[in-house]
Amino acid sequence: QVQLVESGGGLVQAGGSLRLSCAASGSIFSINAMGWYRQAPGKQRELVAAITSGGTTNYADSVKGRFAISRDNAKNTVYLQIDSLKPEDTAVYYCNADAVLTVTGGRGNYWGQGTQVTVSS
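Residues numbered from 1 in each chain as written. Predicted model: local features only at pLDDT ≥ 70, side-chain atom pairs only at ≥ 80, totals over all residues. Heavy atoms only, no water.

**Student:** Tell me about the overall build of the chain, and please be specific about residues and values.
**Tutor:** Per the secondary structure count, the chain includes zero helices and 11 strands. Shown N-terminal to C-terminal, the secondary structure of the chain runs as helices and strands in the order β-β-β-β-β-β-β-β-β-β-β. Here the C-alpha radius of gyration of the chain, 14 Å, is about what a compact globule of 121 residues would show, namely 14 Å. Reported as C-alpha extents along the three principal axes, the dimensions of the chain are approximately 50 × 25 × 20 Å. Within the chain, buried positions represent 42% of all 121 residues. A separation threshold of at least 6 residues defines the contact pool for the chain, and within that pool the share at least 24 residues apart is 56%. Carbon and sulfur atoms make up 48% of the accessible area of the chain, which amounts to about 6,200 Å² in all. Taking the average place of the 10 positive charges on the side chains of the chain and the average place of its 8 negative ones, the gap between the two points comes to 2 Å. (Helix = DSSP H or I, 4+ residues; strand = E, 2+ residues; numbered from the N terminus. Rg over C-alpha atoms; globule rule 2.2 N^0.38 Å. Buried < 20%, exposed > 50% of the residue type's maximum accessible area, 1.4 Å probe, protein only. Contact = heavy atoms within 4.5 Å. Areas by Shrake-Rupley, 256 points an atom, 1.4 Å probe, with all protein chains shown as cover. Lys, Arg positive; Asp, Glu negative; His and termini not counted. Charge placed at Lys NZ, Arg CZ, Asp CG, Glu CD.)

**Student:** Talk me through the pairing of strand E9 (residues 91-101); I want residue IDs and the actual numbers.
**Tutor:** Burial of E9 is extensive: 11 of the 11 residues sit out of reach of the surface. Relative to E9, strand E4 (residues 28-39) is paired through nine bridges, and the arrangement is antiparallel. Looking at the pairing, Arg 38 lines up with Tyr 93 of E9. Taken together, the three bridges between E9 and strand E11 (residues 115-120) define a ladder with antiparallel strand orientation. Its bridge partner lying in E11, Ala 91 is registered against Val 117. Note: E9 against strand E10 (residues 107-111), five bridges, orientation antiparallel. Pairing of Asp 98 across the sheet is with Asn 109, part of E10. From the end of E9 to the start of E10, which pair antiparallel, there are five residues, and Gly 105 there has a positive phi angle of about 75°. (Pairing = 2+ DSSP bridges.)

**Student:** Can you tell me about the environment of Gly 108, naming the residues and giving the values?
**Tutor:** Within the element layout of this structure, Gly 108 appears in strand E10. Distance from Gly 108 to Gln 1, taken between C-alpha atoms, is 9.4 Å for residues 107 residues apart in sequence. Not counting chain neighbours up to four residues away, the residues in contact with Gly 108 comprise Ala 97, Asp 98 and Ala 99.

Just distances and angles here, no functional claims.
This is the structure:
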């Protein structure tokens, strides 16, 4: 139906930067909200940042001022620019999309497989 593929994760020292990308493909008519979540070992998955089709954004308090979410609607792609990384940012980062399908017109919520971000001290 809809596939989300994340990229851009890796190992970086504290204070460094990464840019994550998530490309959506499949029978997509439109994508409403897109977001990034993260999950560290032993912790619940949490919302990091989200963006609507109109460009309205919201962020978790822990990442405000350091993370920036953006999207390219024509490419069905969402980005997460991460600056001033901290060790506590270490997690698997997952892309999420709220999409409307072309054939059925139905609305669904989809997840990528995740990309690992590891921040060393």
